[in-house]
Structures are given as C-alpha cells and as structure tokens.
Amino acid sequence: MTKPVRLALLGCGTVGAEVVRLLHEQAADLTARVGAPLQLAGIAVRRPGRDRGELPVDPAIFTTDALGLVKRDDIDLVIEVVGGIEPARTWLVEALRAGKSVVTANKALLAEDGGALHDAAAEGGADLYYEAAVAGAIPLLRSLRESLHGDTITRVTGIVNGTTNFILSAMDATGAGFTEALDEATELGYAEADPTADVEGFDAAAKAAILASLAFHTRVTAAHVHREGITEVTAADMASAKAMGCTIKLLCIASRGPDSTGADSVSVRVHPAMIPVGHPLASVGDAFNAVFVEAAAAGELMFYGRGAGGAPTASAVLGDIVAAARNNLAGVRAPSESVYAALPIRPMGEAVTRYHISLDVADRPGVLAAVAGVFARHDVSIATVRQAPAPGGPADGAAGAVGRGDDAVLVIVTHAAPDAALAATVDELRRLEIVRSIASVLRVEGGGR
C-alpha cells in the first residue's frame, strides 16, 4: 500500500474536532479518493488535557508545540483551524516554505496578509487551500478560482455572515429591535458572547477581501474594504423597507469597473442595504449564506447553503485535504495565486449607489424646497419622497403624545449617485435649521437606478 499522507492539525475546537471525527468515520472512502491513507500524526492545542469528548485519536498525539509539530520531517500536510493572525501566520509560513501544503479556514489571516502565505507557498512549491474561510461548505472559492477562471467576473454580491443574517431576518419577521434580535441569536448559539466581529462587519469584510482577490485577480486586503455593521439598523428601518417592498441585509459587494478617470478598478464594501424582496438574496433567511456572482459569459450564478458551523466548515476542510493530498502523491501543485490584473482599489466615495434617508423636519412651508435644493447642489437626483407626521405628534394619534406638533418625517430615496456626493448631501442636511435630526441613512441596492 502507498505510504500514508501524514497530517498535522493545528487547533481542535468545534471545527477541528469535527475534522478529526470525519477523518476517522470516512477513512476508507478518503483513502480511496486520495490513493493513500490519511494519517493524523499530531494535534497542536493550548490545553491538551481539556475534555473533548470521545475523539477517536490516541491522546499521545496531542502537543502544545505547534511550531515544533509543523517542523517535523514526517509531516506532509498542515491543517490550521485556530484562527487569528499570530502565531498562525508564523506556523503556516514555516510549513509552506518547507514545501508542506496547507489547508486553512483562517479568513482573518488571509484577508490581512494572504500575500505572505501565497508568497511562501510559491517559494516552497506547496499548495495553499482555504475553501472553508468563506461560506462554510458552499463550494464558492474553488468555483471562482477554477471553474470561472476563463470568464470575466464583474460583480460579487453576498450574504456571508450567518449571525447578522439571523438577526436581520428576525427583525424583519417579528418587528423586533436590534438588541432583542441579538439576544435571541445569542440564546440560540448563533452569536458569540462578544459578537463585535459579526455585528460590526469585520467578519464579512475579511470574506469580502478574499472573494474580491479571487474574482478580480488582484490582491485585496481587509484594509481596502469599506465596512459598516448592523448595530444602527432599527425596527423603523425595517418597517420603512417593507413599505418600499424591500428587506435589509448585510451585504458584501465587490465590483469591477471604471474609476473616476475611466481606468479599470475594484470596489469592495460591506454594509447593510435595502434590497427588493424579489432579489435572489432577499429570501435568504436564518443563518444561511448566499453569494450572487455576475460574469460576462456565465451570466448570473447563485451559491447558497450553510455558511458556518462545525460540520459544514469541516466538510470544506476535508475537501481541501483530499485535493492537497492527491497533489502531494502526484507531485503536482494546485493552481497558484492569480494576481496578474493588479487593479487599483476604487475609494468608497466613487462607489455608485442609492440612499434611503429618513429626516425629522419642521413641518412648515418651504421645507421640501429647501431639502430638495441641498440634493440639487450635490447633483443628486431624488427618486421618491414620502411625508408622514413625526412619531408622538398630534397627527400620529399616540395617546399622551409629547412629541412636537410642528414636526414631520420626510423619507427620501435617491437615484444612483457617487457615494461621496450622497454623503456630502447628508452632511449638509444635518446643518439645516429646519432638519431636527436624521433618523437613518441606508443604502439601497439591486433596484434599478
């Protein structure tokens, strides 16, 4: 029999333990697919004595010396599911430079310094696989890197964070506020004890950088991604979206197109946005992920499934392990990093989008004209205007109302314009004496001009 491909596993939490279980349960099938047995030679963890249930491995293979495990001469393939930047970067660069292929789910590292990993892989002649870093078990990255490699991708729009999608879906379905929906997500295990990375958009931004890098053959880092979270989305925003026939999702949007000079460039952004209920992404609920890809020849493609969790993520890791192990036996490499385009990153101010703006204004003659004048000065065209009494005012009909009786709410939706012009419009509106407050500003995507 062909000698085993020996694996080093860095990390044995939820995903790592599931990888161990699948390696054991599917050993015969994996051997047949690879052409040799996959042998787990070592597992690096911070606490070897921690209770991990009935893992089907010899406790003697656990170690706290991750770097020492990576450096062992008998290791062929390194699997990293620890996360974070350091020391994971040191471990993986060491492995790749030594010619040992790497399978990782580390989106944060890939988004911050994926170039260092790719350079180390090229130097050592090793493979770098990371399907599990974005959208769990959904076969998305390999599709971008291989299946669509002969096409020109123009836009990638996705829901790539399950926690925020659960929260926004709950707000849309029940009318709950952000805090209540977050509490529900935490109770059900969809949100971490510290949900900052999810609700402030950091997780989605890292994934957006990875997607843009693959789609547009350009190194894109998390620092290039405009990021906004969902903490300011309110129940009133959800109600306003419903009135427009829309819902609100946290979207990652990566597009290729001309910048202000006409040169080809890349725009990458993550923010909450209203999308029409007929959009393919609008019906994606609960903690599911979905990515909508637009390509010149292939047209519109949709990828959908569970984007997180131990089993789905481990499934993606196992797929990469099989691919890397087969290449190891055959003495070949996977397709290397493709960054030939090296396109410049378009600033957020040049992104073309639409705004939904809710203003609390003085309810008197001339207000609408003054507000419209601000939009005109910034060359922003208004698509629709809706006026309603301010909540708590007499016309609102609230018992015991204490709001101002001379206020009204203006809800304005613009036509498409550069984000810088839209932001400048909002900034000037804030300074108008007739504008009491700006209740919310949300972008509108996928609904025409």
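Now for a description of the structure that goes with this document. This structure is a prediction, so every number in the text was calculated from the model and none was measured.

**A look at the overall build of the chain**
Counting its regular elements, the chain contains 14 helices and 17 strands. At 25 Å, the chain has a C-alpha radius of gyration in line with the 22 Å of a compact globule built from 449 residues. Counting all 449 residues of the chain, 52% fall into the buried class. In the chain, the proportion of contacts linking residues at least 24 apart, taken out of those at least 6 apart, comes to 74%.

**Brief notes about the nonpolar core**
Counting residues in each nonpolar core, the largest one holds 83 residues, and the members touching the most others are L10, V78, L140, I153, I167 and L211. For this core, the leading source of residues is helix 10 (residues 202–216), giving 11 residues. For L140, the contacting residues outside a window of four places in its chain are E131, V134, A135, L211, V291 and F303. If you look at the next biggest cluster of nonpolar residues, it comprises 37 residues, including V45, I61, V317 and A325.

**Concerning helix 5 (residues 107–124)**
Between the first and last C-alpha of helix 5 there are merely 22 Å, a value that for 18 residues lags more than 12% behind the 26 Å anticipated at 1.5 Å per step. In the structure, helix 5 departs most strongly from a straight axis at D113, where the bend amounts to approximately 90°. Among all positions of helix 5, only L109, L110, A111, G114, G115, L117, H118, A120 and A121 are buried. On the buried face of helix 5, the contacting elements are helix 4 (88–97), strand 5 (101–104), strand 6 (128–129) and helix 10. Where helix 5 ends, the next residue or the one after it, G125, has phi of about 70°, a positive value.

**Here's the deal with the environment of A181**
If you trace the backbone, A181 turns up in helix 8 (residues 178–187). Using a relative accessible area of 1% as the deciding quantity, one classes A181 as buried. Considered as a pair, A181 and A170 are 11 residues apart in the sequence and their alpha carbons are 6.1 Å apart. In contact with A181, other than residues within four places in its own chain, are F166, I167, A170 and M171.

**Re the side chain of T163**
Within the element layout of this structure, T163 appears in helix 7 (residues 162–174). For T163, the side chain forms a polar contact with the side chain of D198, separated by 3.4 Å.

**Re a negative patch on the surface**
Judged by side-chain charge, E180, D183, E184 and E187 come together as a negatively charged surface patch. Note on placement: E187 falls in helix 8. Residue class for E187 comes out exposed when judged on its relative accessible area of 69%.

**Observations concerning unusual backbone geometry**
Backbone torsion omega between E86 and P87 reads 5°, so that peptide bond is classified as cis. With respect to the secondary-structure elements, P87 resides in the loop between strand 4 (77–80) and helix 4. Residues other than glycine seldom take positive phi values, yet A135 does so here, at roughly 65°. When you line up the elements, A135 lands in the loop between strand 6 and helix 6 (141–147). Classification of A135 as buried rests on a relative accessible area of 1%. One non-glycine residue, A342, adopts positive backbone phi at about 45°. Mapped onto the fold, A342 is located in the loop between helix 12 (310–330) and strand 13 (352–362).

**A closer look at the pairing of strand 17 (residues 435–444)**
In terms of strand pairing, strand 10 (residues 264–276) meets strand 17 through 2 bridges, oriented parallel. Bridge pairing in strand 17 places A273 opposite R443. In terms of strand pairing, strand 13 meets strand 17 through 8 bridges, oriented antiparallel. The residue of strand 17 that forms the bridge with Y355 is R443.

Each value, and the rule that gives it
Once a new chain begins, its residue numbering starts again from 1 and follows that chain's sequence as written. Residues qualify for local features only when their pLDDT is at least 70, as the model is predicted, and side-chain atom pairs are given and counted only at 80 or more; totals for whole chains, interfaces and linings, by contrast, use all residues. The side-chain numbers reported here are obtained from all heavy atoms of the structure, hydrogens and water having been left aside. In DSSP terms, a helix is any run of H or I states spanning at least four residues, a strand is any run of E spanning at least two, and both are numbered starting from the N terminus. For the radius of gyration, the atoms used are the C-alpha atoms, and the globule rule reads 2.2 Å times the number of residues raised to 0.38. Exposed residues in this analysis have more than 50% of their type's maximum accessible area, buried residues have under 20%, and partly exposed residues fall in between, with area computed by a 1.4 Å probe over protein chains only. We call two residues in contact when some of their heavy atoms are within 4.5 Å. Nonpolar core, defined: a set of buried Ala, Val, Leu, Ile, Met, Phe, Trp, Tyr and Cys residues in which side-chain atoms within 4.5 Å join the residues together. How far a helix is expected to stretch is found by multiplying one less than its residue total by 1.5 Å. Working definition for bend: take the seven residues up to and ending at a residue and the seven starting at it, fit an axis to each, and measure the angle between the axes. In protein, a polar contact requires one atom able to donate a hydrogen and another able to accept it; more generally it is a pair of N or O atoms within 3.5 Å, and residues adjacent in sequence count only if both atoms are side-chain atoms. Residues enter a patch when their relative accessible area is above 30% and they make no salt bridge; the linking distance is 9 Å between like charges and 5 Å between nonpolar side chains (Val, Leu, Ile, Met, Phe, Trp, Tyr). Using a 1.4 Å probe, the Shrake-Rupley method yields the accessible areas, and only the shown protein chains count as cover for residues. By salt bridge we mean one thing: a side-chain nitrogen of Lys or Arg within 4 Å of a carboxyl oxygen of Asp or Glu. This count recognises Lys and Arg as positive and Asp and Glu as negative, with His and chain-terminal groups excluded. In plain terms, the charge of a residue is placed at NZ if it is Lys, CZ if Arg, CG if Asp and CD if Glu. Two strands pair if DSSP finds at least two bridges between them.

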